[in-house]
Amino acid sequence: MKSFPTSLVDVPINQILTEDCLKILPKFPNNVFDCCIADPPFNMSKRKGLGWAFSSHITMQAQWDMFTKDEYFQFTLDWIREVTRVLKMNGNLFIFGSFHSIFTIGFILQSVLNLRVITQIVWYKPNAQPNITCRMFTESTEFIIWAVNNDNQRAKNWTFNYREMKAMNNNKQMQNMWEIPLTKKSERRYGNHPSQKPEAIIKRLILAGTNEGDIILDPFSGTGTTGVVAEKHKRKWVMIEKEESYNLIAQRRFEDFLMASQSNHCNASPA
């Protein structure tokens, strides 16, 4: 583990840090990052897990995803406060959530911290897993809150690459309802994470809310999707993840990605 940074020069760019983000973020200087993409715990795990009658597979039994109501509120407030301190003024903040967590996150952003919320993005999963209990609608969406690191009155000049988003959407304005399938098996071949996001959705956030050379923070980086996509699109990154097993998966992803990139470069025809 490297020594903690004391200035922008010391920030460990393009590195995965194995630690609780609430222990690392306070060591970072103010106003370092251009954007933050956060996929925090949703507080939906159960001590006996969530099962399905037609499968032996048990999901969402992770200790890191278990909080009391009050614990979750304080945890969410603490990490968002730290993120907004290290994020540049008017930098973009994208936060994933489900109905278990998104209302708490939204309340903290708007009513406690008075941040400008631009919109919510709805991620529709056409291949979502079937409902377990058969007592409610099948849960096939997640939400992403897009906020700006400034208050409602002063927020301005945030990054939004409108033309690039329009070009990605057959030259039509992109809506805030994104239909993207669950993470591909090819992206999970290095190991499993219960809430790994597909590269396609992270790519859209990065291309919409950052520019080449920007530094992106991911304080709950899981298996490293943010960093992998950032590398592909010439952005810098810092990822923090306290579960070492997930960081080992991320490291394998990076090793394969870098090897493939070097191979493609060597095989490219000379100009």
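Position numbers for residues count from 1 along each chain, tracking the sequence in the order it is written. With pLDDT at 70 or above as the cut-off, local features in this predicted model cover only qualifying residues; side-chain atom pairs require 80 or more to be listed or tallied, and sums for whole chains, interfaces and linings still use all residues. With hydrogens and water set aside, each side-chain value is computed from the structure's full complement of heavy atoms.

## Focus on helix α5 (residues 199–209)
By the criterion of burial, α5 is predominantly enclosed, with nine of the 11 residues buried. Per-residue accessibility, obtained with a 1.4 Å probe over protein chains only, is compared with the maximum for each type, and a residue is labelled buried under 20%, exposed over 50%, and partly exposed between these values. Helix and strand assignments come from DSSP, with helices taken as H or I runs of at least 4 residues and strands as E runs of at least 2, each series counted from the N terminus. Every buried residue of α5 is accounted for by E199, I201, I202, R204, L205, I206, L207, A208 and G209.

## Digging into the pairing of strand β10 (residues 236–240)
Looking along a regular strand, one sees the side chains alternate between the two faces of the sheet. Most of β10 sits out of view: four of its five residues are buried. We treat two strands as partners when DSSP finds at least two bridges between them. The pairing of strand β9 (residues 215–218) with β10 spans four bridges and is classified as parallel. Looking across to β10, one finds that I215 is bridged to K236. We call a crossover right-handed when, viewed with both strands directed away from the observer, the connection leading from the first strand over the helix to the second proceeds clockwise. Note on the crossover from β9 through helix α6 (residues 225–232) to β10: the handedness is right-handed.

## Quick word on the packing of aromatic side chains
Pairing of aromatic side chains requires ring centres within 6.5 Å, counting the rings of Phe and Tyr and the six-membered ring of Trp. Pairs whose planes differ by under 30 degrees are stacked, by over 60 edge-to-face, and all others tilted. On inspection of all chains with the given rule, the structure shows nine aromatic pairs. Seen in terms of ring centroids, F94 and W146 are 5.8 Å apart; in terms of plane orientation they differ by 35°. Their pairing is tilted. Here W146 lies in strand β7 (residues 141–151) and F94 lies in strand β5 (residues 87–97), a separation of 52 residues in the sequence. As far as the burial class goes, F94 and W146 line up, both buried. Pairing W146 with F160 gives two aromatic rings, centres 5.5 Å apart and planes at 45°, and the pair type is tilted. Of this pair, W146 sits in strand β7 while F160 sits in the loop between β7 and α4 (162–168); the two residues are 14 residues apart in sequence, bridging distant segments of the chain. For W146, a relative accessible area of 8% gives the class buried.

## A few points about the sheet that holds strand β6 (residues 115–124)
Strands sit in the order β1-β10-β9-β2-β5-β7-β6-β8 across an open sheet of eight strands; the sheet is mixed. Two strands close off the open sheet at either side, each with one partner strand: β1 (15–17) and β8 (177–179). Direction aside, the axes of adjacent strands within the sheet are offset by 20° on average. Here helix α3 (residues 102–112) sits on the sheet and contacts β5, β6 and β7; the angle it forms with β5, its principal contact strand, is near 160°. Should any heavy atoms of two residues lie within 4.5 Å, those residues are counted as being in contact. Note on definitions: angles span 0 to 180 degrees between N-to-C directions of axes, and those axes are lines fitted to C-alpha atoms, for helices only across the stretch in contact. Relative to β5, α5 is tilted by about 160°, and along the sheet it contacts β2 (33–38), β5, β6, β7, β8 and β9.

## Here we look at the packing of α5 against α6
With their axes 9 Å apart at the nearest point, α5 and α6 run at an angle of 55° to one another. In terms of their interaxial angle, α5 and α6 are classed as oblique. Judged by the sense of rotation from one axis to the other, the crossing of α5 with α6 is right-handed. Seen from α5, the contacting residues are E199, I202, K203 and I206; seen from α6, they are T225, T226, V228, V229, A230 and K232. Side-chain classes follow a simple rule in which Ala, Val, Leu, Ile, Met, Phe, Trp, Tyr, Cys and Pro form the nonpolar group, Asp, Glu, Lys and Arg form the charged group, and the remainder, Gly included, forms the polar group. The class makeup of the residues in the contact of α5 with α6 is five nonpolar, two polar and three charged. By definition in this entry, angles of less than 35 degrees are roughly parallel, angles greater than 145 are roughly antiparallel, angles of 65 to 115 are roughly perpendicular, and the rest are oblique. Note on convention: near helix rotated counterclockwise from far helix by under a right angle means a left-handed crossing. Clockwise means right-handed.

## Focus on the environment of R116
Its location among the elements puts R116 in strand β6. Taking C-alpha positions, R116 is 7.1 Å from N149, a pair spaced 33 residues apart along the chain. Contact partners of R116, with chain neighbours within four places excluded, come to W146, A147, V148, N150, D151, N152, A155 and W158.

## Some thoughts on the pairing of β7
Burial analysis of β7 places 11 of its 11 residues in the buried class, the great majority of the element. With six bridges connecting them, β5 and β7 associate as antiparallel partners. Bridge pairing links L93 to A147 in β7. By the bridge criterion, nine bridges tie β6 to β7 in an arrangement that is antiparallel. Across the sheet, the residue bridging to Y124 is T141, located in β7.

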